[in-house]
Amino acid sequence: YNGKVPLSNSTIMMPFRADGGDRDEALKLVLDELTKMLDVKILVGEHDSKSRFVADFERWPNLEYRFIKCNPGEPFARTKAANELIRYSNTEVVFNHDCDIIVHPQAYYYAEQMLLNEHFDCVLPHNGLTWDISYNFSFSEDSFLCSSFEEIKEFKNTKSHPNDNILRLRLAAAPGGIVGLK
């Protein structure tokens with residue numbers, strides 16, 4: 001056991017289009033956190049006319065990168081990219097993940113168990129409550145003690161630093177709000 005949440009039956013897929021700015025930085029931070037917290041295959045699919053993302057396989061050893069080519073000027077087609085990525089998954093569970101959100105690590109495990117053992121067809125592994133976080137964010141045990149919007153606001157007010165640059169990245173609240181559909 002390496003201290004990571006084991007998700008051997010799952011793949012996290014992230015359709016993505018680089019913007020050379022905040023979106024790219026958000027993706028790197030999310031990949032760092034997923035790699036640190038989860039033992040899971042991660043598929044990033046960049047949908048664009050040319051590849052801009054630099055995949056660092058030493059930094060993210062569970063990463064598999066796919067370039068999904070489109071015509072110049074064609075808008076980002078997240079669903080098209082997701083459909084392409086799902087073909088590369090060889091696991092029973094696939095998480096369709098945004099590149100700018102971090103979910104509590106245990107929520108992935110609970111969601112995987114609901115899908116595999118409780119016969120759910122679809123699971124949303126967080127309760128939808130999010131807040132912006134800073135560039136120098138890092139996980140800690142108390143990051144996920146929040147279970148309501150009021151607790152999140154209180155937590156954010158006690159943990160924020162006024163000089164932080166805000167990254168357009170969302171942190172999901174505690175996993176107590178997992179929703180499953182049968």
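Residues numbered from 1 in each chain as written. Predicted model: local features only at pLDDT ≥ 70, side-chain atom pairs only at ≥ 80, totals over all residues. Heavy atoms only, no water.

S.K.: Hey, could you go over the overall build of the chain for me, with residue numbers and the actual values?
M.R.: When you go through the chain residue by residue, the secondary structure sums to four helices and nine strands. Along the chain direction, N to C, the helices and strands of the chain fall in the order β-α-β-β-α-β-β-α-β-β-α-β-β. When burial is assessed residue by residue, the chain has 42% of its 182 residues classed as buried. Pairs at least 24 apart in sequence give 70% of the contacts found in the chain among residues at least 6 apart. Of the roughly 9,800 Å² of accessible surface on the chain, 49% is carried by carbon and sulfur atoms. (Helix = DSSP H or I, 4+ residues; strand = E, 2+ residues; numbered from the N terminus. Buried < 20%, exposed > 50% of the residue type's maximum accessible area, 1.4 Å probe, protein only. Contact = heavy atoms within 4.5 Å. Areas by Shrake-Rupley, 256 points an atom, 1.4 Å probe, with all protein chains shown as cover.)

S.K.: Quick one: what's the story with the packing of aromatic side chains, residue by residue and with numbers?
M.R.: Under the defined criterion, the tally for this structure stands at five aromatic pairs. The interplanar angle of 75° and the centroid separation of 5.8 Å between the aromatic rings of F16 and F53 together place this pair among those described as edge-to-face. In this pair, F16 sits in strand β1 (residues 5-16) while F53 sits in the loop between β2 (38-48) and β3 (63-69), placing the two residues 37 residues apart along the sequence. Across the pair, exposure class does not vary: F16 and F53 are buried alike. Taken together, a centroid distance of 6.2 Å and an interplanar angle of 65° make the contact between Y109 and Y110 edge-to-face. (Phe/Tyr/Trp six-rings, centres within 6.5 Å; stacked < 30°, edge-to-face > 60°.)

S.K.: Report on the sheet that holds β2, specifying residues and quantitative values.
M.R.: Pairing is parallel across the open sheet formed by four strands, whose spatial order is β3-β2-β1-β4. Edge positions in the open sheet fall to β3 and β4 (93-96), since each of these has one partner strand only. Across the sheet, the axes of successive neighbouring strands diverge by a mean angle of 25°, strand direction being ignored. The pairing of β1 with β4 spans four bridges and is parallel. Residue T11 lies in a different strand from β4, and its bridge partner there is V94. In the packing of helix α1 (residues 22-37) onto the sheet, contacts are made with β1, β2 and β3, and the angle to β2 comes to roughly 160°. (Pairing = 2+ DSSP bridges. Axes fitted to C-alpha atoms, helices over the stretch in contact; angles between N-to-C directions.)

S.K.: Hey, could you go over the environment of L116 for me, with residue numbers and the actual values?
M.R.: Note on placement: L116 falls in helix α3 (residues 105-117). A relative accessible area of 23% places L116 in the partly exposed class. The sequence separation of L116 and N9 amounts to 107 residues, and the corresponding C-alpha distance is 8.7 Å. In this structure, L116 is in contact with N9, E92 and V93, ignoring residues within four places of it in sequence.

S.K.: A description of α3 should follow, citing residues and the corresponding values.
M.R.: With 13 residues, α3 should cover 18 Å at 1.5 Å per step; its first-to-last C-alpha distance of 19 Å lies within 8% of that length. Regarding α3, the residues found buried are P105, A107, Y108, A111, E112 and M114. (Expected span 1.5 Å × (residues − 1).)

S.K.: Can you tell me about the confidence of the model for the chain, naming the residues and giving the values?
M.R.: Scored by pLDDT, the chain has a mean of 75; 67% of the residues are at 70 or more. Predicted confidence for residues 138-177 stays below pLDDT 50, and this span has 92 contacts to residues more than four positions away or in other chains. (pLDDT = per-residue confidence, 0-100.)

S.K.: Break down the environment of V5 for me, citing the residues and quoting the values.
M.R.: Within the element layout of this structure, V5 appears in strand β1. Spatially, the C-alpha atoms of V5 and K36 are 9.5 Å apart, while their sequence positions differ by 31 residues. Contact partners of V5, with chain neighbours within four places excluded, come to M37, L38, D39, P105, Q106 and Y109.

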